[in-house]
There are 2 protein chains.
Amino acid sequence: MTGMQMPSGVHALVRRTHEERVLRALQENGAMSRGEIARVVGLSRTTLSEITGHLLQRGAIVVVDTDASKREGSGRPAARLALDPASAQFMGVDFGHRRVHVVVADASHEVMASGAARYDDTTPWQERTGLALGLVERLTAEADVHFGALQGIGIGVPGPYPAPEGSAPSRATPVGTVLRPAPEGVDVAFAERFDAPVIVDNNTRLAALAEAITGADSVADLVYVRLSDGVGGGLVVGGHLVTGSSGLAGELGHVTVEPAGRPCRCGKRGCLETVASVPAILAACWEFGLPLENLRDLADAVSRAHPVVDRVLREAAAALGRVVGAATMTLNPAKVVIGGEITQLAPVIVEQVAATLAADLFPTASAGPAVEAARLSDDDGAIGALAAVFHNSPLLARYPETTDVTAGPGTDDPTIEGAVHVRP
Amino acid sequence: MTGMQMPSGVHALVRRTHEERVLRALQENGAMSRGEIARVVGLSRTTLSEITGHLLQRGAIVVVDTDASKREGSGRPAARLALDPASAQFMGVDFGHRRVHVVVADASHEVMASGAARYDDTTPWQERTGLALGLVERLTAEADVHFGALQGIGIGVPGPYPAPEGSAPSRATPVGTVLRPAPEGVDVAFAERFDAPVIVDNNTRLAALAEAITGADSVADLVYVRLSDGVGGGLVVGGHLVTGSSGLAGELGHVTVEPAGRPCRCGKRGCLETVASVPAILAACWEFGLPLENLRDLADAVSRAHPVVDRVLREAAAALGRVVGAATMTLNPAKVVIGGEITQLAPVIVEQVAATLAADLFPTASAGPAVEAARLSDDDGAIGALAAVFHNSPLLARYPETTDVTAGPGTDDPTIEGAVHVRP
């Protein structure tokens, strides 16, 4: 590939490295055209064609379709490549307060099976875990899911997810992934049941990752806020989820917006959550004489353009905009995403956040971040968990080995994996 | 080393990888004991001793001293190892508004030469660059500095330092480092003069990195704010400097603290900078009847415990504390560092920031970040630039090659470097 004289072992290693970058890009992004792959991995089209040729020949990747349906311009549709769908499976699990969602996808990111099971919000973790495992059993029976191929499991759990001081890493900890103990050993239960590495994180944070990396306009820097019973958030910085020094990064709901405001369940006063959570918004409507019981009532009032609901939503969104504005001055994200069912019902929220944000930004940041409603719904938490696995699983260990005859001694030995993937 | 049968090429590659991790740790941290190295690189003491034995034998590293002077407990003093000081040199350059500082350090992090040159704040960049290069000439004559050994140059420039849209990367860009065009080609001038890779960044941001990684209590997550003519900031998240989507991350000085406040030079009103910069603090003292011209007057007033200066400083620091509190809720840093000469003169600033921050934090973040005055002064900017180079230079390419007889074909070929250091 270069004009240099290289021993065959080196040559093979360089190619293996290129192959791994291509496989990793496909694992993280799902199906991509050669042009997209070349851009993401930083290889020339010529080198890339050589690499994908070998991978296709070995069956490590396959042509899944063309990009004809996504294309806006003219020109010949490009083939889209993906990891061999049958080569690996990934599971995402999202524990909410009252239900668990499970989704299983193949290596090309196609969802093979998904389902949900309900429980009370008082149900203990051990029982929730049992319900989730039972749900997986049912899904297995319905779809062509064979868990021997599971390369990783992502699990989202509610609420702030700090790492308790001095807690030991889970038995399921693969080298190089950030894992912390899940509530009541849910991580260990899944790892033992499926013999696969498990990643656990706050489900709002996982949603932030999913919003950042899914879709054609994926971004490396994103601020995510979700309005629901509380106000949660998640940050993606430089393409990575931010957890913070003790697992509390992204808790935008507890930034103070009114120093002398209402008491918050966290013990402080005037947190963003006391003005912008769904219960806070409903309560404010009552105060102004508009009795709303729930989100359906609120949606009705919005559709009738009731002045009270408009005013309350604008005030809540302005407070949210100020908090997001400070986070934007701090992190300079490319995108701000507001999630939660209420955001879908009341477009004024995103509008007002964008307006407040624009007023609060450093004027030289001429473009400013895009402000958008979340693409994924609250019920898509398992997709977020899946995104974390696609991005973090210890990857490709089960891929067809390089069998190229130019390989020097040892370069196709799987034990080399730990040596080659240096993560300082 | 393991009980497994491994081809000799693999064995050598594994060891080379371990060696590189040890060399990288020493490059980033300077002299360390074997115990510290083992902890940082995650190798057992036995494996590490084997690796350092080989490196010492080859002269790649040397014993520089023992840790006797730093030790508090009992026990035999441990030898401290470092890269061979003569093997490489690194340069840090800090362009302020009115002077440039240059510092040159060897591979063991010992400063070999340093100096400064003054200019007007209207001096164009081309002339500043010429003054800096002239300063380097003089330093070369005075110390044993031989620039053939220069592995990297870090350059700090006054901020903000955004990447203009569509600007091409510098000719000096080494693969894998984040570079953006410097004002008027200062990066290219240094790269061409010294034939070494150049990293340029906002000098406040570089100071944040230096605060995070220097000292025994280095942290991976840090929020840094500097109070001077303006208010700047820098963030370290997960051990990396955060630049943001367009180079504006860390601009905490332009977070709004008083929506109807004074006009800011940025075009908004009531930015943190309008209440917590040095000029804003001096102006507030005048308003309350205490005419202070400069920081020396302010230091006098502080030493006399003048009630006006105490009140003004507490109010400014409380505003700073609210902004830092929001940044802390967002990023959950282990440490908050407040820099700028005024912080040294008026300890009440750090006290008040810590108090406001504690009141503003999520109560479950029981420990909260440490709040500290900066260790490095504004004149230490070149140290920050140096820190960036130690952390980012393309590293070790000129190190004595592995000559171990067990090496398989090609594993000691320098062209392998690009293949082994996979950074997804």
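Within an unreviewed UniProt entry, the label attached to chain A reads Transcriptional regulator, and the organism entered is Streptomyces fungicidicus. Here is the UniProt Sequence similarities (unreviewed entry) comment for chain A, exactly as written: "Belongs to the ROK (NagC/XylR) family."

Tallying secondary structure elements over chain A gives 14 helices and 13 strands in all. When the accessible surface of chain A is split by element, carbon and sulfur atoms take 52% of a total near 17,700 Å².

Before going further, it helps to examine the pattern of salt bridges. A complete count under the given rule lists 21 salt bridges over all chains for this structure. In this structure, Asp201(B) engages Arg205(B) in a salt bridge whose closest nitrogen and oxygen atoms are separated by 2.8 Å. Neither residue differs from the other here; Asp201(B) and Arg205(B) are each classed as buried. Residues Arg314(B) and Asp310(B) are paired through a salt bridge, measuring 3.3 Å at the closest nitrogen-oxygen approach. Taken together, the residues Arg314(B) and Asp310(B), both in helix α10 (residues 307–331) and four residues apart, mark about one turn of the helix. The network of salt bridges with common partners includes Asp310(A), Arg314(A) and Glu351(A).

Okay, helix α9 (residues 295–303) of chain B next. Residue and element names in this part refer to chain B. Taken together, the buried positions of α9 are occupied by Leu295, Leu298 and Ala301. On an axial view of α9, the arc spanned by its buried residues comes to 115°, and they lie on one face. Turned more than 90 degrees from where α9 packs its buried face, Arg296 and Ser303 sit exposed. The inward-facing, buried residues of α9 contact α8 (278–287), α10 and α11 (341–345). A distance of 3.1 Å separates the backbone nitrogen of arginine 296 from a side-chain oxygen at the start of α9, and that oxygen is part of asparagine 294. Alanine 305 occupies a position one or two residues after α9 and carries a positive phi of about 50°.

The next subject is the packing of α10(B) against helix α12 (residues 348–360) of chain B. Residue and element names in this part refer to chain B. The interhelical angle for the contact between α10 and α12, taken along N-to-C directions, is 45°, at an axis separation of 7 Å. Regarding the angle of α10 to α12, the classification is oblique. By crossing handedness, the relation of α10 to α12 is classed as right-handed. In contact with Asp310, Leu313, Arg314, Ala317, Ala318, Leu320, Gly321, Arg322, Val324, Gly325, Thr328 and Met329 of α10, α12 contributes Val348, Ile349, Glu351, Gln352, Val353, Thr356, Leu357 and Asp360. By residue class, the composition of the contact of α10 with α12 is ten nonpolar, five polar and five charged.

Moving on, we get to the packing of helix α4 (residues 125–142) of chain A against helix α5 (residues 186–194) of chain A. Residues and elements named next belong to chain A. Running from amino to carboxyl end, α4 crosses α5 at an angle of 30°, the nearest separation of the two axes being 10 Å. What the angle tells us is that α4 and α5 run roughly parallel. α4 and α5 meet at a crossing whose hand is right-handed. Facing Trp125, Thr129, Ala132, Leu133, Val136 and Glu137 of α4, the residues of α5 in contact are Val186, Ala189, Phe190, Arg193 and Phe194. Of the residues assigned to the contact of α4 with α5, the class counts are eight nonpolar, one polar and two charged.

All names here are of chain A. Evaluation of the coordinates by the stated rule reveals zero disulfides over all chains. The closest cysteine sulfur to the non-disulfide-bonded cysteine 264 is located on cysteine 271, 3.8 Å from its own sulfur. Judged by relative accessible area, cysteine 264 falls into the buried class, the value being 10%.

Tracing the backbone shows Val308(B) in helix α10. In this structure Val308(B) touches Cys285(B), Phe288(B) and Leu290(B), once residues within four positions along its chain are discounted.

Attention now goes to the sheet that holds strand β12 (residues 335–339) of chain A. Residue and element names in this part refer to chain A. One open sheet holds the five strands; their spatial order is β11-β10-β9-β12-β13, and the pairing between them is mixed. Edge positions in the open sheet fall to β11 (240–241) and β13 (370–373), since each of these has one partner strand only. Note: strand β9 (residues 222–227) against strand β10 (residues 231–237), six bridges, orientation antiparallel. Note on β10: the bridge partner recorded for leucine 227 is valine 231.

All names here are of chain A. Summarising the model, chain A shows a mean pLDDT of 79, and 78% of its residues fall at 70 or more. Below pLDDT 50 for its whole length, residues 1–7 participates in ten contacts with residues either more than four positions away or in separate chains. Contacts for the low-pLDDT stretch residues 162–181, under 50 throughout, to residues beyond four places or in other chains number 34 contacts.

Let us now look at the nonpolar core. Residues Ile349(A) and Ile349(B) are the most contacted members of the largest nonpolar core, which totals 97 residues. Among residues more than four places away in sequence, those in contact with Ile349(B) are Leu227(B), Leu313(B), Ala317(B), Ile338(B), Ile342(B) and Thr343(B).

This brings us to α8(B). Buried residues of α8(B): Val278(B), Ala280(B), Ile281(B), Leu282(B) and Cys285(B), and no others. Looking at the buried positions of α8(B), the neighbouring elements they touch are β9 (222–227), α7 (273–276), α9, α10 and α11 of chain B.

Residue and element names in this part refer to chain B. This model, assessed by the stated rule, comprises six aromatic pairs over all chains. Centroid distance phenylalanine 90 to phenylalanine 390: 4.8 Å. Interplanar angle 55°. Geometry classified as tilted. Taken together, the positions of phenylalanine 90 in strand β4 (residues 89–95) and phenylalanine 390 in helix α13 (residues 381–392) put the pair 300 residues apart, joining distant regions of the chain. Just as phenylalanine 90 is buried, phenylalanine 390 falls in that class too.

The next point concerns the environment of Pro158(B). Residue and element names in this part refer to chain B. Relative to the helices and strands, proline 158 resides in the loop between β7 (150–157) and α5 (186–194). With 46 residues separating them in the primary sequence, proline 158 and threonine 204 have C-alpha atoms 7.5 Å apart. Residue contacts for proline 158: discarding those within four places in its chain leaves Phe95, Gly96, His97, Trp125 and Asn203.

In this structure, His109(A) takes a positive phi of about 75° despite not being glycine. Tracing the backbone shows His109(A) in the loop between β5 (99–106) and β6 (111–118). Non-glycine residue Ala305(B) carries a positive phi angle of around 50°. Structurally, the position occupied by Ala305(B) is in the loop between α9 and α10.

Here we take up the sheet that holds strand β1 (residues 32–33) of chain A. Residue and element names in this part refer to chain A. Read from one edge to the other, the open sheet built from three strands follows the order β1-β3-β2, with strand pairing classed as antiparallel. Strands with a single pairing partner mark the edges of an open sheet, and in this sheet they are β1 and β2 (61–66). Sheet topology note: the β2/strand β3 (residues 79–83) ladder contains five bridges and is antiparallel. Each bridged residue has a counterpart across the sheet, and for valine 63 the counterpart in β3 is leucine 81. Against the sheet, helix α3 (residues 45–58) contacts β2 and β3, and its axis sits at roughly 105° relative to β2.

For the rest of this paragraph, the subject is the pairing of strand β8 (residues 198–202) of chain B. Residue and element names in this part refer to chain B. Counting buried positions over the five residues of β8 gives five, a clear majority of the element. Where β7 lies against β8, five bridges are found, and the strand directions are parallel. Residue pairing for β8: valine 157 is matched across the bridge by asparagine 202.

What follows deals with the environment of Gly234(A). The topology assignment puts Gly234(A) in strand β10. Excluding anything up to four places from it in sequence, Gly234(A) contacts Arg205(A), Ala208(A), Leu222(A), Val223(A), Tyr224(A) and Gly250(A).

Further remarks concern the side chain of Thr274(A). Residue and element names in this part refer to chain A. Following the sequence through the fold, threonine 274 ends up in helix α7 (residues 273–276). For threonine 274, the side chain forms a polar contact with the main-chain oxygen of cysteine 271, separated by 2.6 Å. Ignoring sequence-local partners within four residues, the contact set of threonine 274 consists of Arg262, Pro263, Cys264 and Ala280.

The rules behind the values
Residues numbered from 1 in each chain as written. Chains lettered and ligands numbered in written order. Predicted model: local features only at pLDDT ≥ 70, side-chain atom pairs only at ≥ 80, totals over all residues. Heavy atoms only, no water. UniProt positions renumbered as here; feature names shortened; annotations may be inferred. Helix = DSSP H or I, 4+ residues; strand = E, 2+ residues; numbered from the N terminus. Areas by Shrake-Rupley, 256 points an atom, 1.4 Å probe, with all protein chains shown as cover. Salt bridge = Lys/Arg side-chain N within 4 Å of Asp/Glu carboxyl O. Buried < 20%, exposed > 50% of the residue type's maximum accessible area, 1.4 Å probe, protein only. Arc of directions from axis to C-beta. Contact = heavy atoms within 4.5 Å. Polar contact = N/O pair within 3.5 Å; in protein donor to acceptor, adjacent residues only side chain to side chain. Axes fitted to C-alpha atoms, helices over the stretch in contact; angles between N-to-C directions. Parallel < 35°, antiparallel > 145°, perpendicular 65-115°, else oblique. Left-handed = near helix turned anticlockwise from the far one by under 90°. Nonpolar A, V, L, I, M, F, W, Y, C, P; charged D, E, K, R; others polar. Disulfide = S-S within 2.5 Å. Pairing = 2+ DSSP bridges. pLDDT = per-residue confidence, 0-100. Core = buried A, V, L, I, M, F, W, Y, C linked by side-chain atoms within 4.5 Å. Phe/Tyr/Trp six-rings, centres within 6.5 Å; stacked < 30°, edge-to-face > 60°.

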